[in-house]
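Coordinate analysis (summary)
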Amino acid sequence: MTKTLLLSFLIIIVSCHNPEKTTTKMNKNPLLASWNTPFGVPPFDKIKSTDYLPALQQAMELHNNEIATIVNNKAKPSFKNTIEALELSGQKYYQVSKLFFAVTAANTDSILKATEKEIVPAMTAHNDEIQLNEALFKRIKAVYDKKDSLTLSNDDLFLLEETYKGYVKAGVNLQGANKTKLKSINKELAALKIQFAANLLDETNAYELHVTAKEDLGELSESLVALAAEEAKKRGHQSGWSFTLQRPSINPFLATSPNRELRNKLYHASAMRGDNDNAKDNKKVLEKIASLRVAKAQLLGFDSWADRVLVDNMAATPAHVYNLLDKLWSPALAMAKKDEKALTKMLHNDDIKGALNGADWRYYVAKIRAKKYNFNEDETKPYFEFTRVRDGAFNLANKLFGLTFKARKDIPTWHKDQQVFEVLEASGKHLGVIYMDFFARESKKGGAWMNELRAQFNVAHFVTPIVTNNFNFPAPTAGNPSLLTFREAQTVFHEFGHALHGLLSNVKYERFSGTNVPRDFVEFPSQVMENWMSEPKVLATYAKHYKTGEVIPPDLIAKMNAANSFDEGFRTVEYMAAAYLDMKWHTLKTTALQETRSFEKQAMDKIGLIPAIIPRYRSTYYSHIFSGGYSSGYYAYMWSEVLDADTFNTFKQSGDIFNPILAKKYRAMLAAGGSKKGEQLYQDFLGRAPKIEPLLIKKGFLKGK
Ligand SMILES: [Zn+2]
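This is a predicted model, so every value here is computed, not measured. (Residues numbered from 1 in each chain as written. Predicted model: local features only at pLDDT ≥ 70, side-chain atom pairs only at ≥ 80, totals over all residues. Heavy atoms only, no water.)

Re the overall build of the protein chain
A tally of helices and strands in the protein chain yields 29 helices and ten strands. Its C-alpha atoms give the protein chain a radius of gyration of 26 Å, within 12% of the compact-globule value 27 Å for 705 residues. Its C-alpha atoms give the protein chain principal-axis dimensions of roughly 85 × 60 × 60 Å. Once local pairs closer than 6 in sequence are excluded, the contacts in the protein chain between residues at least 24 apart make up 75%. Here the protein chain carries 93 positive and 78 negative side-chain charges, and the mean point of each set is 3 Å from the other. (Helix = DSSP H or I, 4+ residues; strand = E, 2+ residues; numbered from the N terminus. Rg over C-alpha atoms; globule rule 2.2 N^0.38 Å. Contact = heavy atoms within 4.5 Å. Lys, Arg positive; Asp, Glu negative; His and termini not counted. Charge placed at Lys NZ, Arg CZ, Asp CG, Glu CD.)

Written as structure tokens, this is what we have:
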């Protein structure tokens, strides 16, 4: 459920669809030619996997030439010839990069995989060359130093300041040996991150639990049994059922199998990913990453890696992150401990002695859900058919912002299952384009995410946005529609919230467009949508039985909500333990190599984590922070949650969850993207700082009024 930021340097992106001069050689490659398509969308019907590598290489060269032109300009450095020129440079390069990362994530193949391996290190080096270019920085600094005497608009001044700070933060001021050291650290870090991800993928894919006795499947639903049988065949078994470490496979097994030994086995395999002292072990890899990050941060004048990362976030310092985490930790842990007691009782009632473990937790929680709440996910699924859920999200955008969505069959896609919609304002004016890719397939990575194929910006003229939403839902088959669980339906609204952030953008510079906001702000516009989607008024618009059209009955909603909110203590504790672990690794002030297992134990002992719960991610498979872009940033989901709970509560308190005045202000905040600091955006929106109480009430940690 993320908005992918991919490689951090892609945040500074400029892409444009206006026709521009290209050489004849370039025109042969559809990625580099001008696009004669509706709204200037990418011509996916003409682009082949083999086009990406040469296009990226040529676009990189073009980008270098543009940088050289800025650096070699004989005229004195000015805002226009340096800052704006730099912002507008690399249009082709960033445009092709966006497409490349979108397609490799959603519809990869062996050519794209090989291209990725070859091009990503080159892209890292390319980024370094620009960010550490002293001659370029000299010009940036010359403009920055005289900023007070220039009459710049707010947008221009913010761009100047952020550009300057970005270069300083990247290390452009380092000299001689230190600069060489930085480059070598960057290179080593890039390679280690790739290794971490590759090890984890191999460990995850290699594992299977092969089950041969039907009774060990318990009450696993028919469709999941069929999937497990298919998995077993795929892995060369004549019969039986195979379970893997992928969430959709492991979670239902842990919840339903009556065989405790098998549950423990599968759970243990998951918890030990990357920690098996074999060739794929990630301990040494991550220990080195943590150490190199300290070295890099200190080279750049920061105490720790977290200090360096957080300066750009709303939280600003590690102390502010801990302040938030500490406020929620005790009530969450207390709630989890209370649940642990109840679950342990159930374990003992089953004549099993000893302590409750993590596998038992999932099993008995499912039992409570079924018994106490009489709730079974299969009851609600018929009300969440995927096209109805999609239309429910569209309808919400219509209620709040007056937007409408028009299906377009004439727009080329990267896969036949992709759906494309033109987004229109209430006035009928074109706003942008959204691609939606719903179904799981082998060429797609797991999870759900949003990315932009073209960001909105408005320098010479208004460029409209093109965004995508990607999911991994089961595809419908003949006679079987694609029915979603409540959580999956929530994911549709979540990713759609990211999409709206991109679509409603109205900024001058692409660098600040839409979702290009601080990490601890970016999940706010997506998570806030989850509040609306479960409101009875909104459910009534889309949660209709796929056969009868009957709206989901209120008592079923109540039952579902009660069952879903049960176990909030566990969910919060599991998440927060991972957030603490992330902070622990990244507030290190020493480059001395740490020993993963003892480091982790110490970190968890410090917060008093109970043995029956382990962090949502243990270090050895914590790809968010060791191979993704979330280092010192896993807390961000909760930070954003404070904002979304407060925002939705404000709508609710107003007596109208679609309050048009609030909706207009909310839209203005989304439109501003990252062109202002997060605190300022929020202040402009509600006229005050965010309040934490609505989140505490929502989580059941504080009694509501
Ligand atoms: Zn998200």
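Having seen it, we continue.
Structural notes on the pairing of strand E5 (residues 419–424)
A regular strand places its side chains so that they alternate between the two faces of the sheet. With six of six residues buried, E5 lies mostly within the body of the structure. Judged by which residues are buried, E5 turns out to be covered on both faces: Gln-419, Phe-421 and Val-423 on one side and Val-420, Glu-422 and Leu-424 on the other are all buried. As paired elements, strand E4 (residues 404–407) and E5 share four bridges and run antiparallel to each other. By the bridge assignment, Phe-405 is partnered in E5 with Val-423. Pairing geometry for E5 and strand E6 (residues 430–439), over six bridges, is antiparallel. From the neighbouring strand, Val-423 faces E6, where its bridge partner is Gly-432. Counted between consecutive antiparallel strands, the loop separating E5 from E6 contains five residues, among which Gly-428 sits at a positive phi close to 95°. (Buried < 20%, exposed > 50% of the residue type's maximum accessible area, 1.4 Å probe, protein only. Pairing = 2+ DSSP bridges.)

Topic: the pattern of salt bridges
Within this structure, the stated rule accounts for 43 salt bridges. Among the ionic pairs, Arg-441 bridges to Asp-437, the shortest N-O distance being 2.6 Å. Here Lys-699 makes a salt bridge to Glu-568, at a shortest N to O gap of 2.7 Å. In this pair, Lys-699 sits in the segment after helix H29 (693–698) while Glu-568 sits in helix H23 (residues 568–586), placing the two residues 131 residues apart along the sequence. (Salt bridge = Lys/Arg side-chain N within 4 Å of Asp/Glu carboxyl O.)

As for the packing of aromatic side chains
A complete count under the given rule lists 48 aromatic pairs for this structure. Consider the rings of Phe-471 and Phe-473, whose centres lie 5.1 Å apart with planes at 15°: the pair is stacked. The same class applies to Phe-471 and to Phe-473, which are both buried. Taken together, the aromatic side chains of Phe-401, Phe-521, Phe-524, Tyr-666, Tyr-682 and Phe-685 make up a single cluster linked through ring pairs. A cation over a ring is seen here: Lys-445 above Trp-449, with NZ or CZ 4.6 Å from the ring centre. For Arg-519, the ring lying beneath its charged end belongs to Tyr-630, and the centroid distance is 3.7 Å. (Phe/Tyr/Trp six-rings, centres within 6.5 Å; stacked < 30°, edge-to-face > 60°. Lys NZ or Arg CZ within 6 Å of the ring centre and 35° of its normal.)

Section: helix H22 (residues 554–565)
Here H22 spans 16 Å end to end across twelve residues, near enough to the 16 Å set by a 1.5 Å rise per residue. Those residues of H22 not exposed but buried are Leu-556, Ile-557, Met-560, Ala-563 and Asn-564. Buried residues in H22, looked at end-on, bunch into an arc of 135°, giving them a common side. In H22, the exposed positions angled more than 90 degrees off the buried face are occupied by Pro-554 and Asp-555. (Expected span 1.5 Å × (residues − 1). Arc of directions from axis to C-beta.)

With respect to the domain arrangement of the protein chain
Parsing the protein chain into structural domains produces domain 1 (2–173), domain 2 (207–271), domain 3 (283–372 + 568–634) and domain 4 (381–565). Averaged C-alpha coordinates put domain 1 and domain 3 at centres separated by 36 Å. With five residues of domain 1 at the interface, the matching set in domain 3 holds six residues. Between domain 1 and domain 3 we count one salt bridge in total. A salt bridge links Lys-169 to Asp-312, with the shortest nitrogen-to-oxygen separation between them at 2.6 Å. Among the elements that take part in the side of domain 1 that touches domain 3, helix H7 (residues 154–170) stands out by supplying three residues, more than any other. Counted by class, the side of domain 1 that touches domain 3 contains two nonpolar, two polar and one charged residues. (Domains from an automatic or database assignment. Nonpolar A, V, L, I, M, F, W, Y, C, P; charged D, E, K, R; others polar.)

Quick word on helix H10 (residues 247–256)
The α-helix advances 3.6 residues per turn, and as a result positions three or four apart in sequence lie on the same side. The set of residues buried in H10 consists of Ser-249, Ile-250, Pro-252, Phe-253 and Leu-254. Its buried side turned inward, H10 meets strand E2 (209–211), helix H9 (222–234), strand E3 (241–243), helix H11 (260–271) and helix H15 (358–371).

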